[in-house]
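Understanding the architecture of this molecule
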Amino acid sequence: MSVAQAKSETKEYSVADMMAAIKDMQPRLRERAAETKQLRKVPQASIDELQDIGFFLALQPKRYGGLELSPQDFFRMQIALAEGCMSTAWASGIIAVHAFQIAIMDDRAQQAIWGDNIHTRVSSSYAPMGKVTVVDGGFKLSGRWGWSSGSDHCTWALLGAIIPGDGYRTFLVPKGDYEIIDTWQSMGLEGTGSNDIAVNDVYVPDYMTHKQTDGFACTNPGQAVNTAPLYQLPWAQTFIRVVCTPAIGACKSAVELYKHAVLNKASGDPTKLAGDTQVQERIAGAVNGIDEMEALLFRNFDNMMALVEAGKPVPVEDRVRYRYHASLVITKSIQIIDSLFEVAGGQSVFLGSEIQQRFLDVHTARAHVANNPTSFARNLGGLGLGMDNGDFFV
């Protein structure tokens, strides 16, 4: 596809209109909650709406019909989606963020994805579960990967593996070369469709892979053709936020649900009424915690974008610190959700309770390796003590 053709296929989207459309979607996302759980994936109607408003194009290059929005605007939209449904925000956000990684890969990979259809969607599983053999012009890849969110709505997958003697890469594989295995029976985030992906001895050309070392050093081949400051950001900084930021929207929704329950006196316990000071303090703590998480999220991206727009790299020490910030979002969200859920009243324990769904979703998100702060805390603390950085996904 030529640049002119891509532009001709792109609607006119404004951030304000996209955000308004997502806000308008929120009631429908809540109405589809039961269907989303039953399907164990995002309903096609929601995917179609998100495609129509341009959400999946947010971080895609303009050369291929994308919008090249700022990460700040993208994450505001993901948070708003999560206010309606955290599963939808999680799966759709992960799908959308892959456009960023593909944009920094070899342009032949970009052409393979978007050359015939700018709305091609890609899922992923980055754990290094693949077995790789080096062959002429590329690699043979086999393996099985878990947690490939949104995979039923995608026709390509990004899969992680380590090449012996050469390090970690992501391999871009078309749907005809992999199998989706229905495994996603979960306690929360049921609608993310995070099933397994299996590959058996398929050929992947070298140009359809992305080196971790290029992502870390910001020496990605796609930066030669996609020159916007967005693509000068460290790739990992954008991805790590997509698997924690939905929890902020879930917390916002939980606060509103809790306030509604209190104001409508849903419980017979007088300590759960609006005049009780403990209720007021829990709401204040939740609102403040949400503000703190959003403030760090947007400040960090403000800082990074200012640097790349000035043609400067983001220092590794800042990247390590920002990585740690991201890993704490789920822990902080659990604290907020738990403080509200434990006094949400008797109706909250019944299946179908909206606040219970937020409780289960946020706790499930903690199981994702990116949301375990232990190693990231050690790396940040070690760096502060003069040790070398040990994390190259920052």
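Anyway, here's the lowdown on the structure attached to this text. Every value quoted in this text rests on a predicted model; they were computed, and no experiment measured them.

**Some remarks on the pairing of strand β2 (residues 138–148)**
In terms of strand pairing, strand β1 (residues 122–135) meets β2 through six bridges, oriented antiparallel. Bridging across to β2, valine 134 finds its partner in phenylalanine 139. The hairpin turn running from β1 into β2, its antiparallel successor, is two residues long, and glycine 137 in that turn takes a positive phi close to 85 degrees.

**Structural notes on the packing of aromatic side chains**
Any two aromatic rings considered together are summarised by their centre-to-centre distance and by the angle between their planes. Evaluation of the coordinates by the stated rule reveals 17 aromatic pairs. For the pair tryptophan 147 and tryptophan 184, a centre-to-centre distance of 5.0 Å together with 75 degrees between the ring planes defines the contact as edge-to-face. Separated by 37 residues along the polypeptide, tryptophan 147 in strand β2 and tryptophan 184 in the loop between β5 (179–181) and β6 (195–205) bring together distant segments of the chain. For tryptophan 184, a relative accessible area of 7% corresponds to the buried category. Summarising the aromatic geometry, the rings of phenylalanine 216 and phenylalanine 392 are spaced 4.9 Å apart at their centres and angled 75 degrees between planes, so their arrangement reads as edge-to-face. Taken together, the residues phenylalanine 216 in helix α8 (residues 212–217) and phenylalanine 392 in the segment after α15 (374–384) connect sequence positions 176 residues apart. In this structure phenylalanine 392 comes out as partly exposed when scored by relative accessible area, which is 41%. Here a set of aromatic residues connected by ring pairs shows up, and it is made of Phe100, Tyr126, Tyr231, Trp235, Phe239 and Phe393. Note that arginine 76 overlies the ring of phenylalanine 298, its terminal NZ or CZ placed 4.3 Å from the centroid.

Conventions and cut-offs
- Residues numbered from 1 in each chain as written.
- Predicted model: local features only at pLDDT ≥ 70, side-chain atom pairs only at ≥ 80, totals over all residues.
- Heavy atoms only, no water.
- Pairing = 2+ DSSP bridges.
- Helix = DSSP H or I, 4+ residues; strand = E, 2+ residues; numbered from the N terminus.
- Phe/Tyr/Trp six-rings, centres within 6.5 Å; stacked < 30°, edge-to-face > 60°.
- Buried < 20%, exposed > 50% of the residue type's maximum accessible area, 1.4 Å probe, protein only.
- Lys NZ or Arg CZ within 6 Å of the ring centre and 35° of its normal.

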